[in-house]
Amino acid sequence: MRLLHPDGTPVHIAYCTNVHPAEDLDGVLAQLGRYAEPVRERLGVPVLGLGLWLAHEAATALAADASAVGRLRAELTARGLEVVTLNGFPYRGFHAPVVKRAVYRPDWSSPDRVRYTLDLARILAALLPADVAYGSISTVPLGWRTPWPSGRAESAARRLDELAAGLAAIADETGRTIRVALEPEPGCVVETTAQAAHHLSHVDTDRIGVCLDACHLAVGFEEPAAALARLDAAGLAVVKTQASCALQADNPSDPATRAALTAFTEERFLHQVREPGGPDAAGPPQAVDDLDEALAGRLPGRNPWRVHFHVPLHTDPAPPLTTTRPVLRATLDALFGGQRARTAHVETETYTWGVLPAGRRPRTPGALAAGIAAELAFTRDHLLDLGLKETTG
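Let me begin by describing the structure that accompanies this report. Residue indices begin from 1 for each chain and proceed along its sequence in written order. Totals for whole chains, interfaces and linings use every residue, but because this is a predicted model, local features are given only for residues with pLDDT of at least 70 and side-chain atom pairs only at 80 or more, for both listing and counting. Side-chain numbers here rest on the full set of heavy atoms in the structure, without hydrogens or water.

### A word on the overall build of the protein
Each helix and strand counted, the protein has 12 helices and 15 strands in total. Throughout, the radius of gyration refers to the C-alpha atoms, and the reference size of a globule is 2.2 Å times the residue count to the power 0.38. By the compact-globule yardstick of 21 Å for 393 residues, the protein fits well, its C-alpha radius of gyration being 20 Å. With the C-alpha coordinates of the protein rotated into their principal frame, the extents come out at 55 × 50 × 45 Å. Scored against the burial criterion, the 393 residues of the protein give a buried share of 58%. In the protein, the proportion of contacts linking residues at least 24 apart, taken out of those at least 6 apart, comes to 80%. Two residue types count as positive, namely Lys and Arg, and two as negative, namely Asp and Glu; His and chain ends fall outside the count. Note on charges: their place is set at NZ of Lys, CZ of Arg, CG of Asp or CD of Glu. One way to put it: in the protein the 38 positive side-chain charges average out to a point 2 Å from where the 46 negative ones average out. The helix count covers DSSP runs of H or I at least four residues long, the strand count covers runs of E at least two residues long, and both are numbered beginning at the N terminus. The classification of residues rests on relative accessible area computed with a 1.4 Å probe and restricted to protein chains. Under 20% of the type maximum is buried, over 50% is exposed, and intermediate values are partly exposed. Only heavy atoms matter for contacts: two residues are in contact if any of them lie within 4.5 Å across the pair.

### Details of the environment of Ala233
With respect to the element layout, Ala233 can be found in helix α8 (residues 224-234). For the pair Ala233 and Ala197, spaced 36 residues apart in sequence, the C-alpha to C-alpha distance is 8.2 Å.

### Some thoughts on the environment of Gly297
Note that Gly297 resides in helix α10 (residues 291-298). Relative accessible area serves as the criterion here: at 52%, Gly297 is assigned to the exposed category. As a C-alpha pair, Gly297 and Ala233 span 64 residues in sequence and 38 Å in three-dimensional space.

### Description of the pairing of strand β3 (residues 48-53)
The buried fraction of β3 is high, at 6 of 6 residues. Burial of the side chains of β3 extends over both faces: Leu48, Leu50 and Leu52 are buried on one face and Gly49, Gly51 and Trp53 on the other. Pairing between two strands requires that DSSP report at least two bridges joining them. With 3 bridges connecting them, strand β2 (residues 10-16) and β3 associate as parallel partners. Each bridged residue has a counterpart across the sheet, and for Tyr15 the counterpart in β3 is Leu50.

### Thoughts on the side chain of Asp119
Topologically, Asp119 is positioned in helix α4 (residues 111-127). Apart from the residues lying within four places of it in its own chain, the contact partners of Asp119 are Ala59, Thr60 and Ala63.

### Brief notes about unusual backbone geometry
Among all residues save glycine, negative phi is the norm, and among peptide bonds the norm is trans. In this structure, the amide linkage connecting Arg105 to the following residue, Pro106, adopts the cis form with an omega of -10°. In this structure, the amide linkage connecting Pro319 to the following residue, Pro320, adopts the cis form with an omega of 15°. Assignment of secondary structure puts Pro320 in the loop between β12 (305-311) and β13 (321-323). Phi at Lys100 is positive, roughly 45°, even though this residue is not glycine. Looking at the secondary structure, you find Lys100 in the loop between β4 (81-87) and α4.

### Topic: the sheet that holds strand β10 (residues 273-277)
Pairing is antiparallel in the open sheet, where 5 strands are placed in the order β11-β10-β12-β9-β13. Every other strand in the sheet has two partners, leaving β11 (283-288) and β13 as the edge strands with one partner each. Within the sheet, the average angular offset between the axes of one strand and its neighbour, ignoring direction, is 30°. When strand β9 (residues 245-249) meets β12, the two strands line up antiparallel, connected through 4 bridges. Looking across to β12, one finds that Gln248 is bridged to Arg306. Axis definition: a line fit to C-alpha positions, over the contact stretch in the case of helices; interaxial angles, taken between N-to-C directions, run 0 to 180 degrees.

### A look at the nonpolar core
Generally speaking, a soluble globular protein has its nonpolar side chains buried in company with each other. The biggest cluster of nonpolar side chains holds 119 residues, and the ones touching the most others in it are Tyr15 and Leu50. Apart from residues lying up to four places away in sequence, Tyr15 is in contact with His20, Tyr35, Ala36, Val39, Leu48, Gly49, Leu50, Gly51, Glu347, Thr348, Ile372 and Leu376. Judged by nonpolar contacts, the second largest core, of 5 residues, contains Tyr134, Ala181, Cys211 and Ala344. To qualify as a nonpolar core, a set must consist of buried Ala, Val, Leu, Ile, Met, Phe, Trp, Tyr and Cys residues joined through side-chain atoms within 4.5 Å.

### Points about helix α2 (residues 56-63)
Within α2 the residues assigned to the buried category are Ala58, Ala59 and Leu62. Taken down its axis, α2 places every buried residue within 100° of arc, on the same side. If you follow the buried residues of α2, they end up packed against α1 (25-43), α3 (66-78) and α4. When we speak of the arc, we mean the arc of directions from the helix axis to the C-beta atoms.

### Section: α8
Since there are 3.6 residues in each turn of an α-helix, residues three or four apart along the chain are aligned in direction. Along α8, the residues classified as buried are Pro224, Ala227, Leu228 and Leu231. For α8, the angular spread of the buried residues around the axis is 100°, confining them to a single face. At its buried positions, α8 is contacted by α6 (193-199), β7 (208-213), α7 (214-219), β8 (238-243) and α11 (325-336). The residue sitting at the N-terminus of α8 and contributing the capping side-chain oxygen is Glu223; that oxygen lies 3.2 Å from the backbone nitrogen of Ala225. Definition of a polar contact: a pair of N or O atoms within 3.5 Å, with one able to donate and the other able to accept a hydrogen when the atoms are protein atoms, and with sequence-neighbouring residues admitted only if both atoms are side-chain atoms.

See below:
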């Protein structure tokens, strides 16, 4: 979907396809008809944007075969789909039985991460619609925080320089600008916007910026307008934003709340938990790396918990749990409610539909498509309330 900001910026809204378990090109093509086209039809729009996830195997095959990219582009066009952004965070195996910390490997100290991301950039340059100013790729926020010795940090800095040089070469070859966005995430080397400003101070800001994920902002108890101000001061652009909500427990010491949270413990993904510090909740957040650790007593439970569990944007879990939807609204307000649009790419990202508690989990492809369409409609409608207008181009 496309909207137009009052300043004239075309704003693209897509949904991230990392919700679908496809590791090769045939799987990617199959999901277009099984899920993406039905989502578009439910929304009643002529063109739907996809934040395409291409695992390493699929990206390697596409980057080596222009005819395969042409096949993908033709299939997208035939189904009324377009791609202006890719999710380059998971490298492979994102729907394995256990993912957890494996999703952060390879990190940005590895040449494999550079090769994968530049393959994605070449593919995206070939998929971009002719009238789009730039393509974006979201990626790992350097890596998981432990271990992260100085040698690894120095290697990551060199890799990001290689990335910027490769993106410049792709722009020269294709005439298309591709920008990469590191996505601050709880538990990583770059967890907050302040850490992004510190660790990315050396990067080529014409090629590299930040992906602002509203769930991650909320889990870190970051206030969106202040987060944007920090990025502005560091000269880091919001290359894309991810519309997402975290799970919130207002009273985690309550037995009913703890029982409800237990239903969200699961083995595939990591669900980092943060609790504001101090009796008045004014101190830095206290942290654990997974929800089961929090429930086992690793957090005091005196103040609200926010859990890195991407929950549907448009609906709440059963009480007494809630979501951080107010932070999502505030993030969109800060990005688009002013005189200028702060980014052009918005991607809804709820990859956890398949691990929601059983009663909330879609049982059929149609039910999943309906949920994704509802999230996109929520995001679109909020942006329309901010004064953006619908457009087809």
